[in-house]
Amino acid sequence: MNNSSTLNESITSLTGVGTHTASRLHKLGIRTLQDLIFYLPYRYEDRTRIHAIGALSVGMTVLICGKVELVDVLPKGRKALVCRISDGTGFIFLKFFHFNANLHNSLKVGTWLSCFAEVRYGYVGLEMVHPEYRVIADPDSYCPENSLTPVYPLTEGLSQATIRKVVNLALNEAATLHDWIPMPILQRYQYPPLLEAIQTLHAPNETVSIQALQDGSLPALKRLAFEELLSHYLSLKKLKQTAKVWQAPQFTSPTLASSKAHFLRSLAFTLTGAQQRVIAEIEADCQSTHPMMRLVQGDVGSGKTVVSAYAALLALTAGYQVAVMAPTELLAEQHYRNFSAWFAGFQTLVLSLTGQVKGKARAAILQALANGSAGIVVGTHALFQESVQFQRLGLIIIDEQHRFGVHQRMALRDKGQQDGLRPHQLVMTATPIPRTLAMLQYSDLDISIIDELPPNRKPVVTSVIPAERRDGVIDRINHWVAKKRQGYWVCTLIEESEVLQCEAAEKTAELLTLALPTVRVALIHGRMKSAEKDAVMQAFKKHELDLLVATTVIEVGVDVPNAGLMIIENPERLGLAQLHQLRGRVGRGADDSYCLLMYQSPLSEIARQRLGILRDSNDGFVIAEKDLQLRGPGDVMGTRQTGQIHFKVADLARDADLLESIQQIGEQFFSEYPQAVQPLCERWLGDPTDYAEV
Ligand code: ADP
Ligand code: MG
């Protein structure tokens, strides 16, 4: 391997990087020279060209030169030093709110200045506020910079100047950087070599346009994004390959046919074609001697739970235990009830384990799992804990997968390891992911899609209305409840603060209770005790309550068919995927259902378009694709949640075209360039032990 050791040296080996700077850089995840080299700017400033003042428009961030024509201190309002400069093509005002005598003295009428800032619109015309400025002899002798200025993400106590300096020092050592992308591939895509690409991004010369850096069309940027995406693909694929080497229990049993028949007969419905197809895929996996690693994607309400119960049936019949994990207590509770009902006729013990279960009750559950007397346990993260041991864990079911990361998945799997056998894994998600993204994010899994809803579901009628019409909405709840139907009122907040969200919901519940005296209103939020939440949910299910005021805790999985009206406050604050999930709580029965998206005016153009997508479609995949086109993949993939991929260079929306080729090139790497796989993964994903299978 040619990856020179100098690049793995600590940043403290650079002259001028002392403990102070090093500790700041550590905060940014930069420890070695290689880390610095790959620490790329997130934007650029253009000081390579002097702009004519007469041609400026609002919003441009540019370099200008001009002669001071007038200087004044505005005494009115906020005290400010104002100065007008002109270059013969036009004039602009400079405004300084903080100034001292020095500054005042340097801005003399007739002095030439160079200034760099954003152009804004002020009271008397165009202005720059607190520009970066320098007194110059005259514009003809002034030399603009010859490359774009990189701007790096910073942390407190670290300046742009410092990081630019140390990046440059590291770049001086970069000659030994090994390019793991082979020449034929570079040539096929006309990508520059690695070092050149890196240098271009740290110091783009005057031929590079900011536009090409932003829209990702610059070959240097494309190449690095490509390399990064490829590395992620390779690492997940490697994970999948190594997993396939393991042995897993085979779910076969002479009584299988009769238990399957018994199970299907006891259901209140017939499975859809899509459910049957996915079940067959799962069954084939579980009869192989290698662990299943399968993702079931299906829109909200497509009936994933019963599919997973079928998988559980296979495990139980073969004499193995099943762990079902859900992201919230509410959902765990609901699954617990469903599984208990579905397996009532199977003489198997179904248990529930959440963080709330303590003391003796908990000890009893742990014992039943360890000695094998319980067949199924449904729970939350609590199942990850070390004290949880199984006698014969054969299947792990993880619901709403997007909330758990690869590593969490692996932690649970390791629990099941016995006699060299690993449990099968079934993960389910309702977050539709465009195909290209799914291929990358889940390349360690096989994917099944339930692309059909149970029959007789009417689409949810969605309308987008301003909060000014709140009174009308409240009126509508009255009519709705008079028809013996139920509904949800969902409160959202921008802040990730759960406390604030809960407070807002409490207030709304109070107001609605007052405004709707004949409606039975109750509140549910994430800070309530799980027994309280459960009691409210059960009362709502039994129709002892009409309106549930909730935070986004009801986002996943809650299933009450009679609740067919949902009001979502401030929907503009949520991602479309999350809104679609929320809306999936209604439209679960055969009756009409409605979703009112009650936004706060004024609504930005993009927000209006996004809500329009939701109004016009009930198909999660269509929504995800359109959302991706409109605003990038952040919300589609739910970066908010844990366990997501964070890219250094790549932007999944901008670089979507690259994804098409990644899979094919990835396979080529495994067959033709296997020696490059591990170094690429280490370079882009960091700590190799994270992904190594031990
Ligand atoms: P999701 O895929 O969102 O997890 P669920 O598994 O909660 O959906 O199923 C939604 C509802 O549809 C549940 O009430 C479930 O019992 C019901 N259901 C599932 N499959 C069918 C089917 N084939 N026919 C009718 N109803 C079904
Ligand atoms: Mg579900």
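Rules and cut-offs
- Residues numbered from 1 in each chain as written.
- Chains lettered and ligands numbered in written order.
- Predicted model: local features only at pLDDT ≥ 70, side-chain atom pairs only at ≥ 80, totals over all residues.
- Heavy atoms only, no water.
- Helix = DSSP H or I, 4+ residues; strand = E, 2+ residues; numbered from the N terminus.
- Buried < 20%, exposed > 50% of the residue type's maximum accessible area, 1.4 Å probe, protein only.
- Contact = heavy atoms within 4.5 Å.
- Areas by Shrake-Rupley, 256 points an atom, 1.4 Å probe, with all protein chains shown as cover.
- Arc of directions from axis to C-beta.
- Pairing = 2+ DSSP bridges.
- Axes fitted to C-alpha atoms, helices over the stretch in contact; angles between N-to-C directions.
- pLDDT = per-residue confidence, 0-100.
- Salt bridge = Lys/Arg side-chain N within 4 Å of Asp/Glu carboxyl O.
- Expected span 1.5 Å × (residues − 1).
- Near = heavy atom within 4 Å.
- Polar contact = N/O pair within 3.5 Å; in protein donor to acceptor, adjacent residues only side chain to side chain.
- Nonpolar A, V, L, I, M, F, W, Y, C, P; charged D, E, K, R; others polar.

> When you look at the overall build of the protein in this model, what are you seeing that I'm missing?
On a plain count of helices and strands, the protein comes out with 24 helices and 23 strands. By the burial criterion, 55% of the 694 residues in the protein qualify as buried. Of all intrachain contacts in the protein linking residues separated by at least 6 positions in sequence, the fraction that spans at least 24 positions is 75%. Accessible surface for the protein amounts to roughly 30300 Å². Of this, 52% is attributable to carbon and sulfur atoms.

> Just checking my understanding: could you explain helix H9 (residues 256–266) for this structure?
Every buried residue belonging to H9 is among Leu-256, Ser-259, Lys-260 and Phe-263, and all of these are buried. Projection of H9 onto a plane perpendicular to its axis shows the buried side chains occupying an angular sector of 100 degrees, all on one side. For H9, the exposed residues lying more than 90 degrees away from the buried face are Ala-257 and Arg-265. The inward-facing, buried residues of H9 contact helix H10 (273–286), helix H11 (304–317) and helix H12 (329–342).

> Looking at this structure, how should I read the sheet that holds strand S23 (residues 594–599)?
Adjacent strands of a sheet form backbone hydrogen bonds with each other and so pair up, either parallel or antiparallel. Strand order in this open sheet of 6 strands is S18-S23-S22-S19-S21-S20, and the pairing throughout is parallel. At either margin of the open sheet sits one strand with a lone partner, and together these are strand S18 (461–466) and strand S20 (521–524). Going across the sheet, the axis of each strand differs from the next one's by a mean of 20 degrees, ignoring polarity. Inspection of the sheet shows strand S22 (residues 563–569) paired to S23 by 5 bridges, in the parallel sense. Looking at the pairing, Ile-567 lines up with Leu-596 of S23.

> How do you make sense of the confidence of the model for the protein when you look at a structure like this?
Low-pLDDT portions of the prediction should not be read for the details of their coordinates. Residues with a pLDDT of 70 or more make up 90% of the protein, whose mean pLDDT is 86. Residue range residues 632–644 is modelled with pLDDT below 50. Its contacts to residues more than four positions away, or to other chains, number 42 contacts.

> I tried to follow the pattern of salt bridges on my own but got confused; where do I start?
Between side chains of opposite charge, pairing is possible as soon as their charged atoms come close. In this structure the tally under the stated criterion is 21 salt bridges. The partner of Lys-260 in a salt bridge is Glu-283, and the shortest N-O contact between them spans 2.5 Å. Placement of Lys-260 in helix H9 and of Glu-283 in helix H10 is noted, with a sequence separation of 23 residues between them. Here the two residues Lys-260 and Glu-283 agree in accessibility, since each one is buried. Lys-458 is paired through a salt bridge with Asp-592; the nearest N and O atoms lie 3.0 Å apart. Taken together, the positions of Lys-458 in the loop between strand S17 (446–450) and S18 and Asp-592 in the loop between helix H19 (576–583) and S23 put the pair 134 residues apart, joining distant regions of the chain. In this structure Asp-592 comes out as partly exposed when scored by relative accessible area, which is 36%. A cluster of three or more residues bridged by salt bridges with shared partners is formed by Arg-43, Glu-45, Arg-47 and Glu-132.

> I'm lost on the pairing of strand S3 (residues 61–74) in this one. Help?
Across a regular strand the side chains alternate sides, sitting on one face of the sheet and then on the other. Pairing analysis gives 2 bridges linking strand S2 (residues 50–51) to S3, with the strands arranged parallel. Residue pairing across strands places Ile-50 opposite Leu-63, the latter belonging to S3. Both S3 and strand S6 (residues 112–118) contribute to a ladder of 7 bridges, which runs antiparallel. Bridged to Ile-64 within S6 is Cys-115. Two elements, S3 and strand S4 (residues 80–86), share 7 bridges in a ladder whose sense is antiparallel. Its bridge partner being in S4, Asp-72 is matched across the sheet by Val-82. The antiparallel hairpin formed by S3 and S4 contains 5 residues in its connecting segment, where Gly-77 sits at a positive phi of about 60 degrees.

> What's the story with helix H8 (residues 219–245) in this structure? I'm lost.
Every α-helix carries 3.6 residues per turn, so stepping three or four residues along brings you back to the same face. Between the first and last C-alpha of H8 there are 38 Å, a value that for 27 residues agrees with the 39 Å anticipated at 1.5 Å per step. Most of H8 sits inside the fold, with 21 of its 27 residues counted as buried.

> Any chance you could explain the site of ligand 1 here in plain terms?
Neighbouring ligand 1 are 16 residues; Gly-301, Lys-304, Thr-305, Arg-457 and Asp-559 lie closest to it. Between a nitrogen atom of ligand 1 and a main-chain N or O atom of Thr-270, the distance comes to 2.8 Å. Within the side chain of Lys-304, one N or O atom sits 2.8 Å away from an oxygen atom of ligand 1. Coverage of ligand 1 by the protein amounts to 84% of the 570 Å² it exposes when considered alone. For the shell around ligand 1, the per-class residue count stands at 4 nonpolar, 7 polar and 5 charged.

> I keep staring at the sheet that holds strand S15 (residues 393–399) and nothing clicks. Help me out?
A sheet is described by the order of its strands in space; here 7 strands give the open sequence S13-S14-S12-S15-S16-S11-S17, paired in parallel fashion. Two strands bound the open sheet, and with one partner strand each, they are strand S13 (349–353) and S17. The sheet shows a mean angle of 20 degrees between the axes of neighbouring strands, direction not considered. Sitting on the sheet, H10 touches strand S11 (293–298), strand S16 (424–429) and S17, and the angle it makes with S17 is about 155 degrees. This element, H12, spans strand S12 (321–325), S13, strand S14 (374–379) and S15 of the sheet and lies at about 175 degrees to S13.

> Before we go on, may I ask you to explain unusual backbone geometry in this structure?
With the exception of glycine, the majority of residues adopt a negative phi angle, and the majority of peptide bonds are in the trans configuration. Following Ser-601, the chain continues into Pro-602 via a peptide bond in cis, with omega recorded as -5 degrees. One non-glycine residue, Gln-347, lies in positive phi territory at about 45 degrees. Among the secondary structure elements, Gln-347 is positioned in the loop between H12 and S13. Of the residues examined, Gln-347 reaches a relative accessible area of 82% and is grouped as exposed. Even without being glycine, Asn-570 reaches a positive phi, approximately 50 degrees.

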